[in-house]
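Here is how the chains run, residue by residue.
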Amino acid sequence: MRNNTVRKMAVHAMVAALYFVLSLPFMTFIFGPVQLRISEAFTLLPVFSSTPIAGLTLGCVLVNTLGVFTKANILGPLDVLFCAAATLLAAFFTHQLRGVRIKGLPFLSALMPVLVNGIVIGLELTFVISGSFNLPIFLINAGQVALGEAIACFALGLPMVRALEKTGLGNKLFSDNTTLNKLA
């Protein structure tokens, strides 16, 4: 029991650290209406188990908090909350739809971060930029966020999932009923 808890904490920390580190070089490009977070490819890790969800959410919180402190995050402190909520919700849906596959790939799982982030961050951007809800501005913001998310999830995330499945590493690292000791 204790080994499983330690293993899950290690996975949470590893996923959060990877998300954070892959976001750092692009801090000026990952906030605002047009954003492409390479680290968002990791939002497909819940295809393997629910274990990475907490790490993804923590990584997002850390990146957005750093963005607030460095003033790169134009949305401010509320973005830490909204983006974390969007990541958590998207990761939950990604995990729930992991078994729905097209040609062996979890396309619906990859679509969840695109839709959730497009809607949530699109709404957030609309309210921050225009001060109220404006449908045309929302559609533009949501579309731009969704496009960046789609690139990360479909162009990077799906090949990552395929590679982790082919090598068996995805299940070894993230499965709820294995231990890190099996990697050795």
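Shown above is the structure to which this text applies.
These remarks concern the structure in this document. It should be emphasised that the depicted structure is a prediction, and the values quoted were computed from it without experimental measurement. (Residues numbered from 1 in each chain as written. Predicted model: local features only at pLDDT ≥ 70, side-chain atom pairs only at ≥ 80, totals over all residues. Heavy atoms only, no water.)

**Side note on the packing of aromatic side chains**
For the structure on display, the rule yields five aromatic pairs. Seen in terms of ring centroids, F48 and F174 are 6.1 Å apart; in terms of plane orientation they differ by 25 degrees. Their pairing is stacked. Of this pair, F48 sits in the loop between α1 (2-23) and α2 (52-70) while F174 is found in helix α6 (residues 169-174), placing the two residues 126 residues apart along the sequence. No difference in accessibility class separates F48 from F174, as the two residues are buried. Feature note: the residues F127, F133 and F138 constitute an aromatic cluster, connected by ring pairs. (Phe/Tyr/Trp six-rings, centres within 6.5 Å; stacked < 30°, edge-to-face > 60°. Helix = DSSP H or I, 4+ residues; strand = E, 2+ residues; numbered from the N terminus. Buried < 20%, exposed > 50% of the residue type's maximum accessible area, 1.4 Å probe, protein only.)

**Some points on a nonpolar patch on the surface**
Residues L115, I119, L123, F127, F133, L135 and L139 make up a contiguous nonpolar surface patch of roughly 630 Å² in combined accessible area. Broken down by secondary-structure element, the contributors of at least two residues to the nonpolar patch are α4 (107-130) and α5 (135-167). In terms of residue count, α4 provides more of the nonpolar patch than any other element does, four residues in total. Among the secondary structure elements, F133 is positioned in the loop between α4 and α5. The exposure class assigned to F133 is partly exposed, which follows from its relative accessible area of 43%. (Patch = residues over 30% accessible without salt bridge, like charges linked within 9 Å, V, L, I, M, F, W, Y side chains within 5 Å. Areas by Shrake-Rupley, 256 points an atom, 1.4 Å probe, with all protein chains shown as cover. Salt bridge = Lys/Arg side-chain N within 4 Å of Asp/Glu carboxyl O.)

**What to know about the pattern of salt bridges**
Taken as a whole, this structure holds one salt bridge when the rule is applied. Note that E165 is salt-bridged to R101, the shortest N-O span being 2.7 Å. Taken together, the residues E165 in helix α5 and R101 in the loop between α3 (77-96) and α4 connect sequence positions 64 residues apart. On the basis of relative accessible area, E165 is assigned to the partly exposed category, the value being 30%. For R101, a relative accessible area of 31% corresponds to the partly exposed category.

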